[in-house]
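# Topology and contacts: notes
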Amino acid sequence: MANSVKWLGHAACHITTEKGTVILIDPWISGNASCPVKKEDIKKADIILVTHDHFDHLGTDIPDLVKATGATVIAQPELVDTLQKSGVSADNIIFGMGMNIGGQVEIAGVKITMTQAFHSGTAGNPAGYIITLEDGKTIYHAGDTGIFASMGLFGDIYDIDLALIPIGSVFTMNPLQAAVSLTLLKPKKVIPIHYQTFPILVQDAGEFIDLARKKAPEVKVEAIKPGQEVTI
Ligand SMILES: [Zn+2]
């Protein structure tokens, strides 16, 4: 057994740790044409991470997912208000009120650190997450963001096994910024996300793969399709 990270299309990811803990990130499932599962298919989730409140990240399924699984939701306090209005109980929100950038919480042996992301949103500030699994393996989900120099700090502080970074341009990093971000983050593997979903986004990972090979040849690019997974 290993830890597996399944891409659900766009920014949505489904992590199952070696110990069986399930973590969902930005579960935009209903309405996401690239998502290979339905919300009813998700029977187990322990932790749900939300990066920001745009529809393609927050989605509309979190209240039902929480009811079905009892998962604990992590988001910023301002976004917690939105979640509570949509029917998520405070009992299912970390400390009943959320967390913020720089903070670390631990649930079921998984350490979650919220990071900054440079983007926009309605409630709170967009974020990313560094997720340290029970066995120490570390995943970075950048959320929606442009490149920023302190990604180099994340690369120095954390030994990132897998990075999930947007490459689709228009709303986030383009393939060039995403490739250069690998020189800062220094992950062992990367899954490019947040592309192809909308007609205005970059439509395939080809340019990113070429640029990553030039800028950060030591990083293994895992350009998987929605529904496929990578183990770490
Ligand atoms: Zn967004």
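In the block above lies the structure referred to throughout.
Residues numbered from 1 in each chain as written. Predicted model: local features only at pLDDT ≥ 70, side-chain atom pairs only at ≥ 80, totals over all residues. Heavy atoms only, no water.

### Quick look at the coordination of the zinc ion
Ideal coordination angles are 109.5 degrees for a metal with four donors arranged tetrahedrally and 90 or 180 degrees for a metal with six donors arranged octahedrally. Applied cut-off: Each metal's donors are the N, O and S atoms found within 2.8 Å of it, except that Na, K and Ca use a 3.2 Å limit; water is left out, so coordination can look incomplete. Note on geometry labels: four donors, all angles 85 to 135 degrees, give tetrahedral; four donors become square planar and six octahedral when opposite donors are over 155 degrees apart and every other angle is between 65 and 115; remaining cases are irregular. When accessible area is computed with a 1.4 Å probe and restricted to protein chains, residues below 20% of their type maximum are described as buried, those above 50% as exposed, and intermediate ones as partly exposed.
The protein atoms that coordinate the zinc ion are His52 (NE2), His54 (ND1), His119 (NE2) and Asp144 (OD), at distances of 2.2 to 2.5 Å. The site at the zinc ion holds 4 donor atoms, and with the angles between them running 86 to 172 degrees, its shape is irregular. On the basis of relative accessible area, histidine 119 is assigned to the partly exposed category, the value being 25%.

### Things to note about the pattern of salt bridges
Pairs can form between side chains of opposite charge once their charged atoms are near each other. Keep this limit in mind: For this analysis, a salt bridge means a side-chain nitrogen from Lys or Arg found within 4 Å of a carboxyl oxygen belonging to Asp or Glu. Only DSSP runs of H or I with at least four residues qualify as helices, and only runs of E with at least two residues qualify as strands; both kinds are numbered from the N terminus onward.
Applying the stated criterion across every chain yields a total of 9 salt bridges. Across the pair aspartate 156 and lysine 186 runs a salt bridge whose closest N-O atoms are separated by 3.2 Å. Linking aspartate 156 in helix α4 (residues 151–157) with lysine 186 in the loop between α5 (175–185) and β11 (189–193), this pair joins segments that are 30 residues apart in sequence. What makes aspartate 156 exposed here is its relative accessible area of 58%. Classification of lysine 186 as partly exposed rests on a relative accessible area of 44%. Residue lysine 189 is joined to glutamate 222 by a salt bridge in which the shortest nitrogen-to-oxygen separation is 3.9 Å. Taken together, the residues span a long stretch of sequence, with lysine 189 in strand β11 and glutamate 222 in the loop between β12 (220–221) and β13 (229–231) at a distance of 33 residues. This pair shows no difference in class: lysine 189 is buried, exactly as glutamate 222 is.

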